[in-house]
Amino acid sequence: MSQIQASIPSQPRAKQLRACLLCSIVQTPADFRKHGCPNCEELMQMKGYPDRIQACTTTHFEGVIAVINPEDSWVARWQRTSKYVRGMYAVRVKGRIPEDVEAELENRNIKYRPRDGTDQD
């Protein structure tokens with residue numbers, strides 16, 4: 001089991017939280033700036049780049065799920081986060097990833113599935 005996990009934001013920062021448009025992990029802008037996205041930093045490249053954080057994350061999301069054991073959680077499987085690190089994830093995220101990230105996914109033969117609930121299994 002992976003011991004990597006994202007930080008859990010404190011309550012006073014709740015209004016600043018942002019969700020990654022690709023994996024839906026919820027963090028503060030400072031966490032994205034300091035560490036990047038713990039699941040998809042290779043593609044999103046947010047670490048240290050505030051403009052990239054603005055483009056690759058959003059404040060428009062619904063619901064939050066705390067995922068403690070991603071591999072064993074039926075909720076994580078349902079949300080398609082079972083292969084990701086422990087942390088807090090948005091149930092639905094409004095917005096799309098930047099075109100360059102979508103193109104890179106396509107080059108890697110990975111199908112992009114928006115996390116806004118429009119692409120149902």
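In this text, all values refer to a predicted model and were calculated from it rather than measured experimentally.

1. Here we look at the side chain of arginine 115
- In this fold, arginine 115 is placed in the segment after helix H5 (99-107).
- Of the polar contacts made by the side chain of arginine 115, one reaches the backbone oxygen of glutamine 79; its length is 2.8 Å.
- A distance of 3.1 Å separates a polar side-chain atom of arginine 115 from the backbone oxygen of arginine 80.
- Among residues more than four places away in sequence, those in contact with arginine 115 are Leu21, Leu22, Cys23, Ser24, Gln79, Arg80, Thr81, Tyr84, Val91, Arg92 and Val93.

2. A closer look at the packing of aromatic side chains
- Across all of its chains, the model carries one aromatic pair by this definition.
- Taking the centre distance of 6.3 Å and the plane angle of 20 degrees together, the rings of tyrosine 84 and tyrosine 89 count as stacked.

3. Re the sheet that holds strand S2 (residues 26-27)
- Sheet architecture is open: three strands sit in the order S2-S1-S3, paired in antiparallel fashion. Edge positions in the open sheet fall to S2 and strand S3 (57-58), since each of these has one partner strand only.
- Direction of pairing for strand S1 (residues 18-20) relative to S2: antiparallel, over a ladder of two bridges. Paired with alanine 19 across the two strands is valine 26, which belongs to S2.

4. Observations concerning the pattern of salt bridges
- Here the structure, examined in full by the defined rule, presents four salt bridges.
- In this structure, arginine 52 and aspartate 100 form a salt bridge, with 3.0 Å as the shortest nitrogen-oxygen distance. With a gap of 48 residues between them, arginine 52 in helix H3 (residues 50-56) and aspartate 100 in helix H5 connect regions that are remote in the sequence.
- The class of arginine 52 is buried, set by a relative accessible area of 18%.
- Residue classification places aspartate 100 among the partly exposed residues on the basis of a relative accessible area of 44%.

What counts, and at which threshold
Residues numbered from 1 in each chain as written. Predicted model: local features only at pLDDT ≥ 70, side-chain atom pairs only at ≥ 80, totals over all residues. Heavy atoms only, no water. Helix = DSSP H or I, 4+ residues; strand = E, 2+ residues; numbered from the N terminus. Polar contact = N/O pair within 3.5 Å; in protein donor to acceptor, adjacent residues only side chain to side chain. Contact = heavy atoms within 4.5 Å. Phe/Tyr/Trp six-rings, centres within 6.5 Å; stacked < 30°, edge-to-face > 60°. Pairing = 2+ DSSP bridges. Salt bridge = Lys/Arg side-chain N within 4 Å of Asp/Glu carboxyl O. Buried < 20%, exposed > 50% of the residue type's maximum accessible area, 1.4 Å probe, protein only.

Geometric values such as these leave the question of function open.
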